[in-house]
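Residues per chain, in single letters:
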Amino acid sequence: MNWKRLISNKRFGLEALHEIRKEDRTEFQRDYDRLIFSAPFRRLQNKTQVFPLPGSIFVHNRLTHSLEVSCVGRSLGNDIAASLLQKHPELSDSHLSEIGAIVSAACLAHDLGNPPFGHSGEKAIGTYFSEGKGLALKPLLSEAEWEDLTHFEGNANAFRLLTHQFEGRRPGGFVMTYSTLASIVKYPFSSRLAGKKQKFGFFLSEEEDYKRIAEELGIIKLSKDGEPIRYARHPLVYLVEAADDICYQMMDIEDAHKLKILTTQETKELYLQFFTESRLKRINEICKLVADTNEQIAYLRTSAIGVLIKACTQVFVDNEEDILNGTFEGPLIKHMDKPIRQAYENCSKTAFAKIYCSKDVLDIELAGYQVITTLIDLMIEAVRYPDKAYSKLLINRVSKQYEVHAPTLYGKIQAVLDYISGMTDVYALDLYRKINGNSLPAV
């Protein structure tokens, strides 16, 4: 793969109108702005990140998480662009300097396809088909369609949301640049290769769209003819992934401290592991100047993020050849120098043991399963038998952009999942209560 081809500002769905604009904003900055002002992005403010949506203590939701990931992604992209331009001065006339803007926009978009109630929402959708009432639909679908449903994945759904032409909308979906779209596909293969990890990059319905993007950008195809489709990653995917990894780990630790799941001492010890002896002296001197404990924790978290950005930048630049050849394996985080990698892994172990298994987090997962499986069950019944009186009531609640009258069963189910995955936690819970007669409109 080569950088001049990998970074293209051609827009998906508007290829025929591709032109060079002479304005202040680049096409990649337009991607960022388009996402910021979109309704799906706005709805992230009411979607769970890890902890239940806030009561008296404000913790991260999907919106704040995405904005923070975008900031870290921009820093990673800018640092790497500067290093690569030093290494390859012949690329000064390319879009290489725009890596920071591309990664920043891709980071904003990376969680757009996630359903309500965090990762438990993804699990609820997949297990509805693999273990729940949806299992009865298996004989009515092709093998590839069935794999899409049982492995439902927020990343693949984000790619669909950005590229699919919903009813009444323009071709190309969000009409993003090819490079921004390719940068969000962490798992560039079909659901038939998802395996037990439940990870893949695009649904069967968007497979041809991804192939078109990959061929335009010169992304290496790893699968042979007749095999399930698989590509190498676009290099900038590694930066989006690293920004996400850095943010969710570092910010979850800080949120856990605010919620008193972790003590101040535990939290400080986790962050302090990232620094060398010489840096620790400076860090401790600054902490002594600040009396507020939360401010001390915020400073340590910021400093730890800076260490991780620098380490990931070095890994990317050192492994540029393998990344461009499609032979680099694993996330950048896994290739950092041992002391920093060990500090990150210690945070991961603590998060799994004390945060992700905490009562509050498990409670939201339990509630999410019940709400989402109930809504899917009722909506699929409605789109399969639209002439029933109750079906008509449910379908009338669905926005016209969703193709509930699609000609195939797979298309109808996708319309239901488009509708439900686009809901906020609050909207999904409110609809669930109304359907069950536990909540009525004011009269």
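This text goes with the structure placed above it.
Residues numbered from 1 in each chain as written. Predicted model: local features only at pLDDT ≥ 70, side-chain atom pairs only at ≥ 80, totals over all residues. Heavy atoms only, no water.

**So, the overall build of the protein**
This is how it is decided: By definition, any uninterrupted DSSP run of H or I lasting at least four residues is a helix, any uninterrupted run of E lasting at least two residues is a strand, and each is numbered from the N terminus. A 1.4 Å probe rolled over the protein chains alone gives each residue an accessible area, and that area as a share of the maximum for its type sets the label: buried under 20%, exposed over 50%, partly exposed in between. By the convention used here, residues are in contact when the closest approach between their heavy atoms is within 4.5 Å. Here Asp and Glu are counted as negative and Lys and Arg as positive; His is not counted, and neither are the chain ends. For charged residues, the charge sits on one atom: NZ in Lys, CZ in Arg, CG in Asp, CD in Glu.
Summing up its helical and strand segments, the protein has 20 helices and zero strands in all. The principal-axis extents of the C-alpha atoms in the protein amount to approximately 70 × 50 × 40 Å. Across the 443 residues that make up the protein, the buried fraction comes to 54%. At a minimum sequence separation of 6, the contacts of the protein that also span at least 24 residues come to 73%. Taken as two groups, the 55 positive and 58 negative side-chain charges of the protein have centres that lie 3 Å from each other.

**Remarks on the packing of aromatic side chains**
Which entries qualify depends on this criterion: Aromatic rings from Phe, Tyr and Trp, taking only the six-membered ring of Trp, are treated as a pair when their centres fall within 6.5 Å; an angle between ring planes under 30 degrees marks them as stacked, one over 60 as edge-to-face, and anything in between as tilted.
Applying the stated criterion across every chain, the model contains 13 aromatic pairs. With a centroid separation of 6.0 Å and an interplanar angle of 85°, the aromatic rings of Phe166 and Tyr402 are classed as edge-to-face. Here Phe166, found in the loop between helix H8 (154–163) and helix H9 (178–183), pairs with Tyr402, found in the loop between helix H18 (389–395) and helix H19 (409–421); they are 236 residues apart in sequence, far enough to count as distant. The class for Tyr402 is buried, based on a relative accessible area of 11%. Arranged with centres 4.9 Å apart and planes meeting at 20°, the rings of Phe202 and Tyr210 form a pair that is stacked.

**A short note on the nonpolar core**
As a reminder of what qualifies: Nonpolar cores are built from buried Ala, Val, Leu, Ile, Met, Phe, Trp, Tyr and Cys residues. Side-chain atoms within 4.5 Å join them into one set.
Within the largest apolar cluster, 135 residues are counted, with the highest numbers of intra-cluster contacts made by Trp3, Ile99, Phe129, Met250 and Phe274. When residues of this core are assigned to their parent elements, the largest contribution, 12 residues, is made by helix H14 (residues 293–318).

**Thoughts on the pattern of salt bridges**
Definition in use: The salt bridge definition used is simple: a Lys or Arg side-chain nitrogen within 4 Å of an Asp or Glu carboxyl oxygen.
Counted under the stated rule, the structure contains 18 salt bridges. Between Arg160 and Glu206 there is a salt bridge, with its nearest N and O atoms 2.9 Å apart. Highlighted residues: Arg160 in helix H8 and Glu206 in the loop between H9 and helix H10 (207–217), separated in sequence by 46 residues. In this pair, the class of Arg160 matches that of Glu206, namely buried. Note that Arg233 is salt-bridged to Glu241, the shortest N-O span being 2.8 Å.

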